[in-house]
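Here is what each chain is made of, one letter per residue.
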Amino acid sequence: MILLICEGRGVFTKKEFGQNEFLLPYEGELLEKEPDVDDTYIFEFTFKGKPFWVDASKEDGSFGRLLNDDHIHPNCRPKVMEIDEKPVICFFSLRPLSSNTELVYDYGPGNIYPWRGKFGMLRNHQKNLTAVYLGMPQIL
Ligand SMILES: C[S@@+](CC[C@H](N)C(=O)[O-])C[C@H]1O[C@@H](n2cnc3c(N)ncnc32)[C@H](O)[C@@H]1O
């Protein structure tokens, strides 16, 4: 995990991945009712026609909750998997990824993401320049 100037924390690969490879899960509390908390770390999805939410607001040391948004050049995507009859959100690579690549996915449509303006575009082209190391990165 690395701290970025604009986005806060971000998750980077520490090895190569092939296309469509499993990367990591989005861990948190699985809920069948919309939680009444700040939605920063809430992942909403449908499974078997029903709405679900994963509440990852707890700082539990997991990485899935720390992936940033890039709706223009996402390099991974969340997929709803079924494990023990329960839905689990797993991220898969959209293309081969080299080591030291920030994992980013498209948070979805909407005008609710303030960074998707001028500065978001700037970031997409200057990513290498805005990344700074603060502490030890962790291995995925
Ligand atoms: C699920 S968290 C991602 C991890 C977050 N960076 C952190 O440090 O905890 C979502 C939040 O990250 C930030 N974020 C995500 N993608 C971003 C982007 N492309 N540009 C700027 N901020 C972003 C926003 O503050 C957003 O509310």
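Criteria and cut-off values
- Residues numbered from 1 in each chain as written.
- Predicted model: local features only at pLDDT ≥ 70, side-chain atom pairs only at ≥ 80, totals over all residues.
- Heavy atoms only, no water.
- Helix = DSSP H or I, 4+ residues; strand = E, 2+ residues; numbered from the N terminus.
- Buried < 20%, exposed > 50% of the residue type's maximum accessible area, 1.4 Å probe, protein only.
- Contact = heavy atoms within 4.5 Å.
- Areas by Shrake-Rupley, 256 points an atom, 1.4 Å probe, with all protein chains shown as cover.
- Near = heavy atom within 4 Å.
- Polar contact = N/O pair within 3.5 Å; in protein donor to acceptor, adjacent residues only side chain to side chain.
- Nonpolar A, V, L, I, M, F, W, Y, C, P; charged D, E, K, R; others polar.
- Pairing = 2+ DSSP bridges.
- Axes fitted to C-alpha atoms, helices over the stretch in contact; angles between N-to-C directions.

An unreviewed UniProt entry lists the protein chain under the name SET domain-containing protein, with Magallana gigas given as the organism.

K.L.:
What is the right way to read the overall build of the protein chain from this model?
P.N.:
Tallying secondary structure elements over the protein chain gives one helix and 10 strands in all. For the protein chain, the sequential pattern of α-helices and β-strands runs β-β-β-β-β-β-β-β-β-β-α. Of all 140 residues assigned to the protein chain, the portion counted as buried reaches 36%. Partitioning the intrachain contacts of the protein chain with sequence separation of at least 6 by distance along the chain shows that 65% fall at a separation of at least 24. Carbon and sulfur atoms make up 55% of the accessible area of the protein chain, which totals about 8900 Å².

K.L.:
Sorry if this is basic, but what is going on with the site of the ligand here?
P.N.:
Neighbouring the ligand are 13 residues; Glu7, Arg9, Tyr41, Asn68 and Asp69 lie closest to it. Separating an oxygen atom of the ligand from a side-chain N or O atom of tyrosine 41 is a distance of 2.4 Å. Asparagine 68 places a polar side-chain atom, nitrogen or oxygen, 2.8 Å from a nitrogen atom of the ligand. About the coverage of the ligand: the protein hides 83% of its 560 Å² of free accessible area. Sorting the residues of the shell around the ligand by element identifies strand E2 (8-10) and strand E7 (68-69) as the ones contributing at least two each. Of the residues belonging to the shell around the ligand, the class tally is five nonpolar, three polar and five charged.

K.L.:
Would you take a moment to explain the sheet that holds strand E9 (residues 86-93) for this structure?
P.N.:
Sheet strands pair by backbone hydrogen bonding; their relative direction is either parallel or antiparallel. Strand order in the open sheet formed by three strands is E3-E9-E8, with antiparallel pairing between adjacent strands. Every interior strand has two partners, whereas the edge strands, strand E3 (22-25) and strand E8 (76-83), have only one. For this sheet, the mean inter-axis angle between neighbouring strands, taken without regard to orientation, is 35°. As judged from the eight bridges shared by E8 and E9, these two strands associate in the antiparallel manner. Within E9, the residue paired with arginine 77 across the bridge is phenylalanine 92.

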